[in-house]
Amino acid sequence: MLPKNAMADVNAKRVPPFLQKGVKPEDGGGDAQQPKEEIIEEPSLPVIAPSYPQIVQEEISMVFNTYNMAANLGPSSRRKREKGAGHDGTSTALYVDRRKSKVWNYYTKLGDAYVECNVCKKQLSFHNSTTTMREHLVRKHSIRDTLLSQLKDDQASEADYAAPENGIKRARQMTPENNLYHPTPCLEPRTDMILELVLEMIFRDLHPLSMVKDKGFGLLLGYLEPSFTLPSPAQLSSMLWHRYNVVKQHLEHYLQTAHSVVLCVESWISQLSQPYLTVTASFIDGEWRWARCILETQPVHENKGASDFGERLYTVLSEFGLSCKAVSCVIHDSLRDTAANSEQLQGAYGWASLCCAAHLLDLCIQAGLEVEQVQEALSAARGIVRYFQQDAKATCSLNSKLEAINKTKLKLVMDARPRWITTIEMCESLLDLKWAIMSVLEEHPKGTAAVQNLADHQWKLLQDLVPVMRTIKIATSFLREEQNVSISSLMPCIHGIVAAIGQQCEESNSVIKTVVGNIRAQLMQRWGISEDETVLESPAVIASFLDPRFKEMRFLSPTLRSELHRRVKNMLSQMFNHQSPPPASFWVPNSDYKAEGGEAGGQLPAHKDRGSGSQSQSMYDILLGKDPTESMPEIHQQLENYIVEPLCKRSTNPLDWWRSNEHRFPAVARMSRQYLAIPATAVLPDQAFAANESALEHRRAVLAPENLDQILFLHQNFDFLESMRNNSENRGRNLHIQY
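Cut-offs and rules
- Residues numbered from 1 in each chain as written.
- Predicted model: local features only at pLDDT ≥ 70, side-chain atom pairs only at ≥ 80, totals over all residues.
- Heavy atoms only, no water.
- Salt bridge = Lys/Arg side-chain N within 4 Å of Asp/Glu carboxyl O.
- Helix = DSSP H or I, 4+ residues; strand = E, 2+ residues; numbered from the N terminus.
- Buried < 20%, exposed > 50% of the residue type's maximum accessible area, 1.4 Å probe, protein only.
- Contact = heavy atoms within 4.5 Å.
- Core = buried A, V, L, I, M, F, W, Y, C linked by side-chain atoms within 4.5 Å.
- Phe/Tyr/Trp six-rings, centres within 6.5 Å; stacked < 30°, edge-to-face > 60°.
- Pairing = 2+ DSSP bridges.
- Axes fitted to C-alpha atoms, helices over the stretch in contact; angles between N-to-C directions.
- Left-handed = near helix turned anticlockwise from the far one by under 90°.
- Nonpolar A, V, L, I, M, F, W, Y, C, P; charged D, E, K, R; others polar.

Turning next to the pattern of salt bridges. Tallying each qualifying case throughout the model produces 22 salt bridges. Asp415 is paired through a salt bridge with Arg382; the nearest N and O atoms lie 3.0 Å apart. Here Asp415, found in the loop between α15 (392-404) and α16 (420-432), pairs with Arg382, found in helix α14 (residues 372-390); they are 33 residues apart in sequence, far enough to count as distant. Exposure class is identical for Asp415 and Arg382. Each is buried. Here the salt bridges do not stand alone but share partners, grouping Glu533, Glu563, Arg566 and Arg567 into one network.

What follows is the structure, encoded as structure tokens:
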């Protein structure tokens, strides 16, 4: 090993020249042994922005909540020591306060009572506490100091800086119960930290474990950390399993708070043509937050039938300590063996089965685009786009014409079947560039011979088709908004599509009317849109009624609305006619079911003390008739009060409304928590209605099957659990402040 003086000289050479300037040593070094409470920067000194490695090191130390080790071992602290060390290795200049919080990296102190944020230049009052400074960074700039931050970390970190060995001891004593980060004990904390960050990069960015064997990655890490030895894929696999088990324990505890769980099943295929199923749990937690967690990803074998589908889901539930009764519904994205799967799930487990709304909408639109004249026009349109993609001279001519009128942003788009949204984009791009395309084809003799131009009636067909498809695209944009994730937004949206495109085609030609007719027929068939009472059995209809934005149910006739109110009232009676909590699976009463009144069977009591006495009450009954609310159970009165509540704005999040009004309608809120947890799509709406393949879909397709499940599990659940815990802590802290 090199002597300390030699190491200081070597490290000093690594510091860029601009970092060695602008820091003025203090006069005298006698005060170095006596730490100061605060370091006040001189106004005359220039403020130097930290270098990129220093920022990275600070973020690393904040992420792992063990920044005392990073400060002692990282390059940032080395530079601080080098600036304050003399040639003999002793500290004779600038003193570094080890108790100083990392929050000060974002603030400048203005005297003894004020600080200034370096990001937004806002001044805050300072009273020897960094709590307000931390909250400002989180609220205004989304800068968090730890993944599981707590305000008391500031005091703990100060103690760690005062005694570095305490920080190392505390980091090694972390348990899965109090931190998602649970690094394997290592002799060198910095080496351990780098290993954890390499592992985190793998599951956050969906890299294969073999990445550590890549030459470029090895050169980069070797340059940044010459003494670091890259781990083997086997070592990373062991660390991955360790992290997976820690996060899985947290998820198991969190799932126990769910009143009702919806299983979402996504089918996808890897680049090796191996089919997979990804099972996701969707639910609303006790604080009315919508949660979506990946449970498992497993390969599918073609020789397995419908019975295996239910057994797979049952096995996944068992691994997370969930019972069959906790599941209310299963959302899938495939119509293959739908009837057999639905019967098996309903009969064996009591689960309702629904198909993904995005998948059903794709099928409805494809039925409309299958009209022969439309297929011919779309085929010719693809030929034009393909010609310009392959002919460089034609593309240059097209770009020149667009530059002449300052419309270089317009580009031709090729559709990616079966993604119908790309078909709209292709038609729109062709219509926008119609004049330029026809001009280029006329100027290039080979153009008309190489590609068939669209006829006039085909141009007109595309022009009439685009508004119809654009209406459906607007509907998907509505379903992609955060407050519309639930299936409660689906039925109003589908009814809106049916009505809107029906009006659009009234003055169109026969081809467009046929296209719209096919789409509308498919929409009405697949979502059961009719004037029959069977439509009321759909969970989507009941969810819309329990959404305070759509509870008027304008898309239903008055007769069906009255029948829906009666059925929901019966369902509430059924839920509270049992002493034990009812199962999460849906129960839709028959039309001849009648709710029992009174207080029997655990039903909530009716309001009694409404009059001044039985004698006066009977006198009023003679005059006005019997008070209808006297014999009405409280749960029914809650429903009536909910029905007459004013509608919410369309931009309102229904979960926020129920969080504020649960105490007013507790029985209705219990049912709402179950039905509003059903998502409209089997995957996130942004992925379900995307025009192109997402980065998640592309990267997961190349992962090795051995570690695919663990990587995808950590990729989605790690940040989710952290955000849930942080939100809970912030809400609890705010309530504590209020009271």
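Having seen the model, we can carry on.
Here Leu369 shows up in helix α13 (residues 357-369). Through-space distance from the C-alpha of Leu369 to that of Leu465 is 9.6 Å; in sequence the pair is 96 residues apart. Those residues in contact with Leu369, other than ones at most four positions away along the chain, are Val374, Gln375, Leu465 and Met469.

Take the nonpolar core next. As a rule of thumb, soluble globular proteins bury nonpolar side chains together. Core analysis: the biggest nonpolar cluster contains 110 residues, and Val374, Phe388, Leu523, Trp527, Leu556, Leu564 and Trp658 have the highest contact counts within it. With 11 residues, helix α19 (residues 456-479) is the single largest residue contributor to this core. Not counting chain neighbours up to four residues away, the residues in contact with Leu564 comprise Leu536, Val541, Ile542, Phe545, Met553 and Leu556. Listed in part, the 54 residues of the second largest apolar core include Leu195, Leu236, Ala281 and Leu295.

A complete count under the given rule lists 19 aromatic pairs for this structure. Ring geometry for Tyr349 and Trp351: centres 4.7 Å apart, planes at 20°, overall stacked. Given the relative accessible area of 0%, Trp351 is considered buried. Between the aromatic rings of Phe545 and Tyr642, the centroid separation amounts to 5.8 Å while the plane-to-plane angle is 90°, which identifies the pairing as edge-to-face. One end of the pair, Phe545, is in helix α22 (residues 539-545); the other, Tyr642, is in helix α25 (residues 634-643), with 97 residues separating them in the sequence. Here Tyr642 falls in the buried class, since its relative accessible area comes to 0%.

All right, on to the sheet that holds strand β8 (residues 352-355) then. Taken in spatial order, the 5 strands line up as β6-β5-β4-β7-β8 in an open sheet, and their pairing is mixed. Single-partner strands in this sheet number two, and they are β6 (290-299) and β8. Across the sheet, the mean angle from the axis of one strand to that of its neighbour is 25°, orientation sign disregarded. Bridge analysis of strand β7 (residues 327-332) against β8 gives 4 bridges, and the strand direction is parallel.

Along the chain, Met426 turns up in helix α16. Look at Met426 and you get buried, because its relative accessible area is 0%. Sequence spacing of Met426 and Arg382 is 44 residues, and the spatial spacing of their C-alpha atoms is 8.1 Å. With sequence-adjacent residues up to four places away left out, Met426 is seen in contact with Leu378, Ala381, Arg382, Val385, Val413, Met414 and Asp415.

At Leu206, a residue that is not glycine, the phi angle is positive and equals roughly 55°. Summarising the element assignment, Leu206 is placed in the loop between α8 (189-205) and α9 (215-224). When its relative accessible area of 4% is taken as the criterion, Leu206 is described as buried. Its identity as a non-glycine residue notwithstanding, Trp288 has a phi of 60°, on the positive side. Relative to the elements of secondary structure, Trp288 occurs in the loop between β5 (275-284) and β6.

Below, the discussion takes up the packing of α14 against helix α17 (residues 434-443). Look at α14 against α17: their axes get within 12 Å of each other, and the N-to-C directions meet at 65°. The handedness of the crossing between α14 and α17 is left-handed. Of α17, the residues touching α14 (which contributes Ile384, Tyr387 and Phe388) are Ile437, Val440 and Leu441. Of the residues assigned to the contact of α14 with α17, the class counts are 6 nonpolar, no polar and no charged.

So yeah, pure geometry; function would need other evidence.
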